[in-house]
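So you can see what is in the structure, the chains are spelled out below.
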Amino acid sequence: MKKTSTRLADGRELLYYDSRDDVVREAADPRPLEPVATTSQVRHDPLLGDAVAVASHRQARTYHPPADECPLCPSRDGRDSEIPAADYDVAVFENRFPSLAGDSGRCEVVCFTSDHDASFADLTEEQAGLVLEAWTDRTAELAELPQVRQVFCFENRGAEIGVTLGHPHGQIYGYPFITPRTAQMLRSVDAHLEKTGRNLFDDVVAGELAEGARVVLEGEHWVAFVPYAAHWPYEVHLYPKLRVPDLRALDEGPRTEFPQIYLELLRRFDRIFGPGEPPTPYIAAWHQAPFGHVDGFDRHEFGLHLELFTIRRTSGKLKFLAGSESGMSVFINDVPPEAAAARLREVASE
């Protein structure tokens, strides 16, 4: 992998990740851009104890542009985009409309491919492996920023999820705090360790492997399963069999196998609801250990994993977060996890 760092016209950082070492990236951004001005701030809820990012400038962000005006495509045919090069493998840049900025964290955009009409599932194993290297590199660099406590790499796919740009891309958030979901996991890990003397992540993975009913896909280094108490109609958790706290700690074996396992999962997601159905909307979210002191918690007790889920519950119908979910954070799942796992096994590639 070759990494090239440059700057856009307004000063934002742009990074190219190339599979070939002989690629030269010299194209400059010719756009007359003003420096980015953000209003991001983090406010704390005194009742729930969590944080809310307030970012009113995001109201002006690009919203469903036509394909020939996509800001994530390469700059070609006299049209300048966020990426000055005429082509690229993987590109990462600071978000022009960040939810978090400055002392309140950092937001980056990850373009998985220059092909506007592709999806992550269309990538080759080599391309998917390069994305994994980009995620890992960004995790390592953001971990060094003093304001960042946790790095979150994720992809939103589909208009139903709320995606405003159709180009295959994801995002990386460097949070200045530990997110509520991760904090809850840490509390559960602590309680389990005190009660049993064992690691909760290890026990969850071992239990799913032993029972087998919810295992969707298993390789030498990774296992994917529908969790026992899945929140979403179709939800899969992907774990390395050897627990590590974050992407930086993955060894060569799991790195090499990851593209094969993950691409197969994504392709199965697109087949859940049968032929002729539109692409399945989904969220893919990496959960990594936070940095720094966390009330005595050893970050190496955390288990890196990816959570992949869709809000589509059946053909033509979405799972809405209504009164119980949105009002009280109590999920009601319409699809039994064992049935979801069986369906995901049925649609395996031949």
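Residues numbered from 1 in each chain as written. Predicted model: local features only at pLDDT ≥ 70, side-chain atom pairs only at ≥ 80, totals over all residues. Heavy atoms only, no water.

## What about the state of the cysteines?
Worth spelling out the cut-off: Cysteine sulfur atoms are paired as a disulfide whenever they come within 2.5 Å of each other. A simple rule labels every residue: compare its accessible area, found with a 1.4 Å probe on the protein chains alone, to the largest value its type can have, and call it buried under 20%, exposed over 50%, or partly exposed in between.
Tallied over the entire structure, the rule returns zero disulfides. Free cysteine: Cys 107, not disulfide-bonded; nearest cysteine sulfur from Cys 153 at 12 Å. Looking at Cys 107, the relative accessible area reads 3%, which means it is buried. Note on Cys 111: no disulfide assigned, nearest cysteine sulfur contributed by Cys 70 at a separation of 7.7 Å. For Cys 111, a relative accessible area of 0% gives the class buried.

## Observations concerning the packing of helix H1 (residues 125-142) against helix H4 (residues 252-269)
Stated precisely, the cut-off is as follows: As a rule, the C-alpha atoms of each element are fitted with a line to give its axis, helices using only the stretch in contact, and angles between N-to-C directions run from 0 to 180 degrees. Under the DSSP-based scheme used, a helix requires at least four consecutive residues in state H or I and a strand at least two consecutive residues in state E, with every element numbered from the N terminus. In this scheme the handedness of a crossing depends on how the near helix is turned from the far one: anticlockwise by less than a right angle means left-handed, clockwise means right-handed. Throughout, a contact is declared for two residues whenever any of their heavy atoms are within 4.5 Å. Here the nonpolar group is Ala, Val, Leu, Ile, Met, Phe, Trp, Tyr, Cys and Pro; Asp, Glu, Lys and Arg are the charged ones; every other residue, Gly included, is treated as polar.
For the pair H1 and H4, interaxial distance at closest approach is 9 Å and the crossing angle is 115 degrees. Note that H1 runs across H4; the crossing there is right-handed. For the pair H1 and H4, the contacting residues are Glu 125, Ala 128, Gly 129, Leu 132, Glu 133, Trp 135 and Thr 136 in the first and Arg 255, Phe 258, Pro 259, Gln 260, Tyr 262 and Leu 263 in the second. In terms of residue class, the contact of H1 with H4 is made up of seven nonpolar, three polar and three charged.

## Digging into the pattern of salt bridges
Let me state the cut-off plainly: Whenever a carboxyl oxygen of Asp or Glu lies within 4 Å of a side-chain nitrogen of Lys or Arg, that contact is scored as a salt bridge.
With the rule as written, the count across this model stands at 32 salt bridges. Arg 25 serves as the salt-bridge partner of Asp 18, at 2.6 Å between the closest nitrogen and oxygen. Taken together, the shared-partner salt bridges connect Lys 3, Arg 7, Glu 13, Glu 94, Arg 106, Glu 108, Asp 137, Arg 138 and Glu 141 into one network.

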